[in-house]
Amino acid sequence: MALLAAGVIRRLDEAVVNRIAAGEIIQRPANAIKEMIENCLDAKSTSIQVTVKEGGLKLIQIQDNGTGIRKEDMDIVCERFTTSKLQTFEDLSRISTYGFRGEALASISHVAHVTITTKTADGRCAYRASYSDGKLKAPPKPCAGNQGTQITVEDLFYNVTTRRKALKNASEEYAKIVDVVSRYAIHNSGISFSVKKQGETVADVRTLSNATIVDNIRSIYGNAVSRELIEVTCEDAKLAFRMKGYISNANYSVKKCIFLLFINSRLVESSALRKAIETVYAAYLPKNTHPFLYLSLEIAPQNVDVNVHPTKHEVHFLHEDLIIERVQQQVESALLGANASRMYFTQTLLPGASISSKELGKAVASSSSTEGKSEKVYAHQMVRTDFREQKLDAFLQPVSKPQAAKPSMVAPAASIAEPSAAQPDTEMEELQDSDMLEAAADPVRPEDTALSSAGQKESECTLPDIVPPRKRLRKTSDVEMTEDSAGSEMTAACSPRRRIINLTSVLSLQQEINDQALKSLQEMLGSLTFVGCVSPQWALAQYQTKLYLMNTTQLSQELFYQILIYDFGNFGVLRLSEPAPLYDLAILALDSPESGWTEEDGPKEGLAEYIGQFLQKKSEMLKDYFSLEIDEEGNLTGLPLLMENYVPPLEGLPMFVLRLATEVNWDDEKECFQSFSKECALFYSIRKQYILEDTDLSHRQAALLTWGELNPQIPEHPE
């Protein structure tokens, strides 16, 4: 098998290098004219005339009355990197002219035949010279001529056949040339511009040296634009920029945006600025229509980098985002103050047209007879367009089922008593026979609705043939059943029919959260846009124009803590498929290094048995306030349902049981509720040690995204 030989690196021929560079700078005839117009402006010209043949491919002639070119400089005028604007690299930071690289004429001469005729103010005559590939063909010859410079470019891209074939037809290239000249003519209102086809007597664009910017806009784009213009000005010393320009009001719109942007008198484009301004106009203009914009920004030269694009099509400058924001604000304020009235066009009668009263009467009669003969609209074809009109529901009566029917209702598991349960619940009382009769007469009782709603989050089951006695909550001073009208504080875990908790300790904890809230952070979390997950612990979210990295562990922990405090006593039950013995859970927790167990603490079996008995004694309170269910055998059977479709990481359940017995202050009521809620929130939070890197987090991150709907009070910014 033959070995592959390494390629030989060769130095390109200078002619090839220059032709490649010329193809980057001169992409089409309009680019060549743009470069030559800028040279004319740098030469302090007050009149610029452009003549074009066959879209600029056959001939481009541009003549000005500027300072001209010295005879001594004509030898190198078409060589690369020859310029009168720049001497050292430091001069580039404060450049105030259009040209600075000395590549425009050199690039044109490498892809076309160039002839220059020039005369200076102190010259006795003009001189003419021809150039090819950046070199002077023959010494300059004296000739007659006016002051200034005339550059003739013939057979553009004659030696680059691929580029010449790729260009569009001559008429489209000429349209681009007219557009470039028009833009410079509007910006340079003190200079006369004209552009025409060779052989034509009338110029397609012509402006006068004494015309204003508005006059030039009127002569180029028409009176429909100029009469709807608003002048905008802005100056900011801190950002070192000044803006002036004209924008159209809400009465004018076109299908394609006309955006003339000059930065330090240089024609450039900025998609970011265009989008920012069009966002403002979206509230004023019809859909899919755009405004006319002419803006001129003067930025300190040391803050602008002009050497970022071969054709100087783009520039970079400091504080770009802040300057764009200031310009957007100025445009918006100008539109707000100038759109007190709108203009609409209506169709009027043609001159000489008239209508008699008889014809008018016939027209009214014919219209009324037509309406009378219209087809009848039946009831089932009508559409209700007013919410105040009656609905079909008003004519429907509820169907009452006979009491003799076999009971087959669906009720939450919490309301079904086990047949083997001998002792009644301490917080419940049995319904008497009179209450049962009342229930038969009134199928819907508030107590029943409350019980059904409070347990709607639990697993559902069908009642057996023998229905156990129904129970209702005792009404106390601290707990009552009512319809909660403040729907804004409801979460997915609470029910529309909820208990109102009047415990001082709970109200105090809620007030502490409100006092520590940050309004700005609430607004951000309520309006942010979820971007994606970086890792199980970190997520990206966007608010306005900034991207935030959020710690989902701390964020979810704070979320569940506030749910526990605000929905205190109103949780559903998350049933475990199999009862989990507290003793076994405690043993698992003590075996974990996270528990910190040592031999000095005593045997694990004794500690586990004590934990199970201790929590079993608190089972009544845990079930009533937190929906944490423990049966008589010391088994954990249910967990609080804090958020729909969210299951906490059960890998942390053993440590959760251990910390309930060791970290919760069971002596003081307020501290008990607070410490229990914090431990429960820690168990429910998204923690990295319980999540594999490749686990699908969509359902858990979706839970975090409901934060804006829950609108909780956040005490501190998540780290």
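Residues numbered from 1 in each chain as written. Predicted model: local features only at pLDDT ≥ 70, side-chain atom pairs only at ≥ 80, totals over all residues. Heavy atoms only, no water.

**Looking at the overall build of the protein**
Argument step 1. A tally of helices and strands in the protein yields 22 helices and 28 strands.
Argument step 2. A separation of at least 24 residues holds for 68% of the contacts in the protein among residues at least 6 apart in sequence.
Argument step 3. For the protein, the computed accessible surface area is about 41700 Å², with 52% contributed by carbon and sulfur atoms. (Helix = DSSP H or I, 4+ residues; strand = E, 2+ residues; numbered from the N terminus. Contact = heavy atoms within 4.5 Å. Areas by Shrake-Rupley, 256 points an atom, 1.4 Å probe, with all protein chains shown as cover.)

**Concerning the pairing of strand β8 (residues 192-197)**
Argument step 1. As paired strands, strand β1 (residues 47-53) and β8 are joined by six bridges and run parallel to one another. Its bridge partner being in β8, glutamine 49 is matched across the sheet by serine 194.
Argument step 2. Two elements, β8 and strand β9 (residues 205-206), share two bridges in a ladder whose sense is antiparallel. Of the residues in β9, the one forming a bridge with serine 194 is arginine 206. (Pairing = 2+ DSSP bridges.)

**Observations concerning the sheet that holds strand β27 (residues 629-630)**
Argument step 1. Judged by pairing direction, the sheet is antiparallel, and its three strands sit side by side in the order β26-β28-β27 without closing on themselves. At either margin of the open sheet sits one strand with a lone partner, and together these are β26 (572-581) and β27.
Argument step 2. Bridge count for β27 against strand β28 (residues 635-641) is two bridges, and the pairing is antiparallel. Counterpart to glutamate 629 in the pairing with β28 is glycine 638.
Argument step 3. Running over the sheet, helix α16 (residues 582-591) touches β26, β27 and β28 and is turned about 80° from β26. (Axes fitted to C-alpha atoms, helices over the stretch in contact; angles between N-to-C directions.)

**Observations regarding the pattern of salt bridges**
Argument step 1. Applying the stated rule across the entire model yields twelve salt bridges.
Argument step 2. Glutamate 173 is paired through a salt bridge with arginine 28; the nearest N and O atoms lie 3.0 Å apart. In this pair, glutamate 173 sits in helix α5 (residues 170-187) while arginine 28 sits in the loop between α1 (14-25) and α2 (29-42), placing the two residues 145 residues apart along the sequence. (Salt bridge = Lys/Arg side-chain N within 4 Å of Asp/Glu carboxyl O.)

**What to know about the confidence of the model for the protein**
Argument step 1. When pLDDT is averaged along the protein, the result is 75; 67% of the residues meet or exceed 70.
Argument step 2. Across residues 481-495, where pLDDT falls below 50, the model places 40 contacts with residues more than four positions away in sequence or in other chains. (pLDDT = per-residue confidence, 0-100.)

**Looking at helix α9 (residues 320-338)**
In an α-helix, one turn spans 3.6 residues; hence positions three or four apart end up facing the same way.
Argument step 1. Here α9 is 19 residues long and its end C-alpha atoms lie 27 Å apart, about the 27 Å a rise of 1.5 Å per residue gives.
Argument step 2. Buried within α9 are the following residues: Ile323, Ile324, Val327, Val331, Ala334 and Leu335. When α9 is viewed along its axis, its buried side chains cluster within an angular range of 105° and face the same direction. Opposite the buried face of α9, by more than 90 degrees, sit the exposed residues Asp321, Leu336 and Gly337. (Expected span 1.5 Å × (residues − 1). Buried < 20%, exposed > 50% of the residue type's maximum accessible area, 1.4 Å probe, protein only. Arc of directions from axis to C-beta.)

**Looking at the environment of methionine 621**
Argument step 1. Relative to the helices and strands, methionine 621 resides in helix α18 (residues 619-626).
Argument step 2. If sequence neighbours within four positions are ignored, methionine 621 has contacts with Phe626, Trp666, Cys672 and Phe673.

**Some thoughts on the sheet that holds strand β23 (residues 529-533)**
Argument step 1. The antiparallel open sheet is built from three strands, whose spatial order is β23-β24-β25. The open sheet is flanked by β23 and β25 (546-551), the only strands paired with a single partner. Taking the axes of each pair of neighbouring strands and ignoring which way they run, one obtains an average angle of 30° across the sheet.
Argument step 2. Note: strand β24 (residues 538-543) against β25, six bridges, orientation antiparallel. Residue pairing in the sheet places tyrosine 543 in a bridge with lysine 546 of β25.

**Some words on a negative patch on the surface**
Argument step 1. On the surface, a cluster of negative charge is made up of Asp667, Asp668, Glu669 and Glu671.
Argument step 2. Structurally, glutamate 669 can be placed in helix α20 (residues 669-684). (Patch = residues over 30% accessible without salt bridge, like charges linked within 9 Å, V, L, I, M, F, W, Y side chains within 5 Å. Lys, Arg positive; Asp, Glu negative; His and termini not counted. Charge placed at Lys NZ, Arg CZ, Asp CG, Glu CD.)

**Considerations on the packing of aromatic side chains**
Argument step 1. Following the criterion strictly, the structure yields 15 aromatic pairs and no others.
Argument step 2. An angle of 40° between the planes, with centres 5.0 Å apart, marks the rings of phenylalanine 568 and tyrosine 625 as tilted. Of this pair, phenylalanine 568 sits in the loop between α15 (552-566) and β26 while tyrosine 625 sits in helix α18, placing them 57 residues apart in sequence. You'll find phenylalanine 568 and tyrosine 625 in the same group, each marked buried.
Argument step 3. The interplanar angle of 10° and the centroid separation of 4.6 Å between the aromatic rings of phenylalanine 656 and phenylalanine 683 together place this pair among those described as stacked. Remark: phenylalanine 683 occurs in helix α20 and phenylalanine 656 occurs in helix α19 (residues 653-662); sequence separation between them is 27 residues. An identical accessibility class is assigned to phenylalanine 656 and phenylalanine 683; each is buried.
Argument step 4. Through pairs of rings, three or more aromatic residues link up here, namely Phe560, Tyr646, Phe656, Phe683 and Tyr684.
Argument step 5. Lying across the ring of tyrosine 174, lysine 197 places its NZ or CZ 5.0 Å from the centre. (Phe/Tyr/Trp six-rings, centres within 6.5 Å; stacked < 30°, edge-to-face > 60°. Lys NZ or Arg CZ within 6 Å of the ring centre and 35° of its normal.)

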